[in-house]
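As a plain string of letters, each chain reads:
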Amino acid sequence: QVQLVESGGGFVQAGDSLRLSCAASGRTFSTYAMAWFRQAPGKQRDFVSHITMSGGRTYYADSVKGRFTISRDTAKNTVYLQMNSLKPEDTAVYSCATRLYSGTVYTRYSDYTYWGQGTQVTVSS
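Keep in mind that what you see is a predicted model, and the values were worked out from it rather than measured. (Residues numbered from 1 in each chain as written. Predicted model: local features only at pLDDT ≥ 70, side-chain atom pairs only at ≥ 80, totals over all residues. Heavy atoms only, no water.)

**Here's the deal with the pattern of salt bridges**
Charged atoms that come close allow side chains of opposite charge to pair. Applied cut-off: For salt bridges, the criterion is a side-chain nitrogen of Lys or Arg within 4 Å of an Asp or Glu carboxyl oxygen. In this description a helix means any DSSP run of H or I spanning at least four residues, a strand means any run of E spanning at least two, and both kinds are numbered starting from the N terminus. The cut-offs for exposure are 20% and 50% of the maximum accessible area for each residue type, with area from a 1.4 Å probe on protein chains only; residues under the lower value are buried, those over the upper are exposed, and the others partly exposed.
This model, assessed by the stated rule, comprises four salt bridges. Note that arginine 67 is salt-bridged to aspartate 90, the shortest N-O span being 2.7 Å. Separated by 23 residues along the polypeptide, arginine 67 in the loop between β6 (58–60) and β7 (68–73) and aspartate 90 in the loop between β8 (78–83) and β9 (92–100) bring together distant segments of the chain. Among the residues examined, arginine 67 registers a relative accessible area of 11% and is labelled buried. On the basis of relative accessibility, which here comes to 1%, the residue aspartate 90 falls in the buried class. Here arginine 108 ties to aspartate 111 by a salt bridge, and the two come within 3.0 Å at their closest N and O atoms.

**Focus: the sheet that holds β7**
How we decide: Only strands joined by at least two bridges in the DSSP assignment are considered to pair. Only the stretch in contact is used when fitting a helix axis, every axis being a line fitted to C-alpha atoms; angles between N-to-C directions are given from 0 to 180 degrees.
The strand order β1-β3-β8-β7 describes an open sheet built from four strands, whose pairing is antiparallel. Either end of the sheet is taken by a strand with one partner, and the two such strands are β1 (3–7) and β7. The average undirected angle you get between the axes of adjacent strands in this sheet is 15°. Where strand β3 (residues 18–25) meets β8, six bridges bridge the pair, whose relative direction is antiparallel. Opposite serine 21, over in β8, you have tyrosine 80 as the bridge partner.

**Some remarks on the pairing of β8**
Burial runs high along β8: five of the six residues are buried. Pairing geometry for β7 and β8, over six bridges, is antiparallel. Each residue of the ladder has a partner; that of isoleucine 70, found in β8, is leucine 81. The hairpin turn running from β7 into β8, its antiparallel successor, is four residues long, and asparagine 77 in that turn takes a positive phi close to 50°.

Fair warning: the whole summary comes from geometry, so function is off the table for now.
Have a look at this one:
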């Protein structure tokens, strides 16, 4: 059974940084892609970033490009999201997701098979 557990959320000031973690378990993830999504109150769930566990190919939403960095530790089956220069509009519940990677960057939440429970990030101005 696949399990994803996020951690690292919190309350910060605008301009601060946070690093989120997503620990995966339940199978070998070498052929999987991992992604971060976020959902603010009253809004849809938006794609943030994507990484392949094998090769580390990354992709970012335009809204976070240059500020957020996704990385992975394959030995730990863990994916990280380093978030710098945080803005109030980054406030959301951040969730990680995973699916088998087939050569395409998937940016729709419906494309992903497994989800974590989410971690709250609040950025105050």
